[in-house]
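# Coordinates in review
For reference, the chains in residue letters:
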Amino acid sequence: MKTILVVDDEEKVRKLYNDLFTEEGFHVKLASNVLAALKIIGRKKIDVMLLDINMPEIEGTVLYQISKLFHKEVKIIVSSVYPIAFQLEKIQGAVDYYDKSNGIDELLKKVNKVLENDDNTKKPAK
Amino acid sequence: MKLNSIRFKTSVLYTSILLIIMLVFSAILFFEVRSLLYRDIDNDLKIKAQEISVILNAYENIAVRTLNLSSPAVDYLFSEYFLHRAKAVIDEIWRSQSKALNLVNDYIDVLNYQGNSIMLSGNINEELESLFKGKMMFSLQNEYFKDIKDDKYCFRVINHPFRYRNNVHLIIQVGTPLKNVNNVLLKTLLVIVITIIIILLLTSFMGNYLARRVLEPVMIVSKQADNISHKDLSQRISVLPADAEIKQLIISFNSMIGRLDNSFKLMSEFSSNVAHEIKTPLAIMKGELELALSHDRNSKEYKRVMVSILEEADRMKRIINDLLLLSKYEYDYSIYKYERMEICGFMNEIIEESRVLVIPKKISLAFDYNKENIFMNGDPMHLRRLFFNLISNAIKYTASEGRINIAMKTEGLKVYVAITDNGEGITEENQTKIFTKFFRVRRESQSFETGTGLGLYIAMTIAKAHQGNIEVKSELSKGSTFTVVLPLIS
């Protein structure tokens, strides 16, 4: 069972993604700010992180950079209400980007795709 | 050169003024010269006429002495004789004295009291005679001058009456040709005209050149201004090479661009704020609906989703209203309708209306004040919004059974309304940030986010529009005091 960490300051968003991914068979962890997220990454093994860029006090970009340095194995999908082009300006090199206005089907597809690729790369070469 | 351009107009104006000045000057000059020349001639004629009369008198005296006249009959005879002889005299004078009196080119005509010519100088031919007779009037009383002319001749004639023997009235008319004078005047006129034309041509070219030089900075400014569009309002027009008056124009222009730049920035900031703030509740609504529809759910779950959607719709409505109000505040202060209002009664009303808001959380609400009948210039509708924003903030951030106290006091020409709660307080770091747009404090404990982050920003805008301010004092976990300062009128 894969573990997904949802980092978003909006409570309703966290609740929504919690319900969604739990139904899809994920183990879901929630964080409302960067500090809480860092604590969780430090303690548990996280497969995918859904990271909101616009958060008050500490922006999501900070969490992205720290993760890249110290928790390289965590796959990060950047999410925001802003369009993808804007997200790319803020963060380059994430494994995927998600525009929240596009609905949950797209989100599920992206998360599954990221995990699939991950599994493929982890399979030992014949 | 365009016909309605400054250059053309200035050139025409300048040339016209110069032309008028030169014409006036030339006219004065010309007529001065003419009058000087004529004066000379007139003096000459006068002298000549007097000389002639002297000679006539002298001759007559000699005749009187030699003939020894005494009776009127003899007088008459003599007059006739004299007149008959006088012609010969005139001729003789003309011949002998002409060089001395400079009468060579002149014509002499002596008339009797009836205006008939009795003697003419020998050089008068028929043509001249008819000219004299036709054009020259006579006067027994006055000495006067007249110009007479026809196609061939042009004369100035003096009419010089004189008496001899106290009873014989004669008129001596001497005419002198004006040919030389006219030549001089003509030449003068020609020189004047040519000079004027040359000067005008020169000055019109120079004027044109000067105008072009003066207007060059205007052209430069125009070209630079053409390049400035809303896409890049950071450009400014360079001030350095311009003269003082144009410099002022450029400075004004640049500051106008700066203001436009600010306005555009505000507008585009507003647009992106709207987009972002609205998209979040929309994304939530969409997500929840999609999730609910992805599997069969029971009616309790459906109900929960629908309630959540409703909440988000309300949130969007509040955001849009706040943002619209905000845009009006930022761009259009004319929506404030100031009137003289009494604050004590006003605040009492607000407190009474707020009592219903504190009931759910069982918060106590108290209002005290130290003075009644205090007046200010304000817009009651907007001030209501200001105070309700502050009071609802106090309620939101205070726990159940808490206290909210509102104290109003006056000091000099200012009123201080302090709204104190014993809620969770604000960190020092956040105390400056809370008045900024869309700032919401991160709170773990709240059940759902209802705010738009605009309440305090709007409150501050209203306070500032009334020449007032809002100050905050707070301590974490102890409570906060928001003090509204407003100016009074006496």
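Before going into details, it helps to say that this report is about the structure given with it. Since the model is a prediction, treat every value here as computed from it, not as a measurement.

### Describing the packing of aromatic side chains
Residue and element names in this part refer to chain B.
- Inspection of every chain in the model, using the stated rule, returns ten aromatic pairs over all chains.
- Each ring, one from Phe30 and one from Phe31, has its centre 5.4 Å from the other, and the planes form 85 degrees; the classification is edge-to-face.
- Take Phe30: its relative accessible area is 13%, and that puts it in the buried class.
- Geometrically, the ring pair formed by Phe346 and Phe387 is edge-to-face, given 6.4 Å between the ring centres and 65 degrees between the ring planes. In this pair, Phe346 sits in helix H7 (residues 343-358) while Phe387 sits in helix H8 (residues 380-396), placing the two residues 41 residues apart along the sequence. Take Phe346 and Phe387: they sit in the same class, and that class is buried.
- Across the ring face of Tyr38, the terminal group of Arg34 is positioned such that the distance to the ring centre comes to 4.7 Å.

### A look at the side chain of Gln431 of chain B
Residue and element names in this part refer to chain B.
- When you line up the elements, Gln431 lands in helix H9 (residues 428-433).
- At 3.3 Å, the side chain of Gln431 and the backbone oxygen of Ile426 are in polar contact.
- Sequence-distant contacts of Gln431, defined by excluding residues within four places in its chain, comprise Ile426, Val472 and Ser474.

### Structural notes on the environment of Asp8 of chain A
All names here are of chain A.
- The topology assignment puts Asp8 in the loop between strand S1 (3-7) and helix H1 (11-23).
- Of the residues examined, Asp8 reaches a relative accessible area of 1% and is grouped as buried.
- Separated by 72 residues in the primary sequence, Asp8 and Ser80 have C-alpha atoms spaced 9.3 Å apart.
- Setting aside anything within four residues of it in sequence, one finds Asp8 in contact with Val13, Arg14, Ala31, Ser32, Asp52, Met55 and Lys100.
- Here the side chain of Asp8 touches Glu10 through a polar contact of 2.9 Å, landing on its backbone nitrogen.

### Topic: H7 of chain B
Residues and elements named next belong to chain B.
- With 16 residues, H7 should reach 22 Å at 1.5 Å per residue; the first-to-last C-alpha distance of 22 Å fits that figure.
- Along H7, the residues classified as buried are Ile343, Cys344, Phe346, Met347, Ile350, Ile351, Ser354 and Val358.
- On the buried face of H7, the contacting elements are strand S6 (339-342), strand S7 (364-369), strand S8 (375-378), H8, strand S9 (403-411) and strand S10 (414-421).
- The N-terminus of H7 is capped by Glu342, whose side-chain oxygen sits 2.9 Å from the backbone nitrogen of Cys344.

### Some remarks on the sheet that holds strand S5 (residues 96-99) of chain A
All names here are of chain A.
- With respect to topology, five strands assemble into an open sheet ordered S2-S1-S3-S4-S5, the strand pairing being parallel. Pairing within the sheet leaves two strands with one partner each, and these edge strands are strand S2 (27-31) and S5. Along the sheet, successive strands turn relative to each other by an average axial angle of 20 degrees, direction set aside.
- Relative to strand S3 (residues 48-52), S1 is paired through four bridges, and the arrangement is parallel. Across the sheet, the residue bridging to Val6 is Leu50, located in S3.

### Describing the environment of Arg236 of chain B
Residue and element names in this part refer to chain B.
- One can find Arg236 in the loop between helix H4 (179-227) and helix H5 (244-294).
- Judged by its relative accessible area of 37%, Arg236 is partly exposed.
- For the pair Arg236 and Ile257, spaced 21 residues apart in sequence, the C-alpha to C-alpha distance is 7.5 Å.
- Other than its neighbours up to four places away in sequence, Arg236 contacts Gln224, Asn254, Ile257, Gly258 and Asp261.

### Comments concerning the interface of chain B and chain A
- At the junction of the two partners, chain B supplies 23 residues and chain A supplies 23 residues.
- For the pair chain B and chain A, the summed buried area comes to about 2,100 Å², and 54% of that belongs to carbon and sulfur atoms.
- Here chain B is connected to chain A by six salt bridges.
- With a closest N to O distance of 3.8 Å, Asp19 of chain A and Arg304 of chain B form a salt bridge.
- Counting across the interface, chain B meets chain A through eight residue pairs in polar contact (both at pLDDT 80 or more).
- If you list the elements that add at least two residues to the side of chain B that touches chain A, you get H5 and helix H6 (299-331) of chain B.
- Class assignment of the residues belonging to the side of chain B that touches chain A gives a composition of three nonpolar, nine polar and eleven charged.

Quick notes on the rules
Residues numbered from 1 in each chain as written. Chains lettered and ligands numbered in written order. Predicted model: local features only at pLDDT ≥ 70, side-chain atom pairs only at ≥ 80, totals over all residues. Heavy atoms only, no water. Phe/Tyr/Trp six-rings, centres within 6.5 Å; stacked < 30°, edge-to-face > 60°. Buried < 20%, exposed > 50% of the residue type's maximum accessible area, 1.4 Å probe, protein only. Helix = DSSP H or I, 4+ residues; strand = E, 2+ residues; numbered from the N terminus. Lys NZ or Arg CZ within 6 Å of the ring centre and 35° of its normal. Polar contact = N/O pair within 3.5 Å; in protein donor to acceptor, adjacent residues only side chain to side chain. Contact = heavy atoms within 4.5 Å. Expected span 1.5 Å × (residues − 1). Pairing = 2+ DSSP bridges. Axes fitted to C-alpha atoms, helices over the stretch in contact; angles between N-to-C directions. Buried area = accessible area lost by both parts, 1.4 Å probe. Salt bridge = Lys/Arg side-chain N within 4 Å of Asp/Glu carboxyl O. Nonpolar A, V, L, I, M, F, W, Y, C, P; charged D, E, K, R; others polar.

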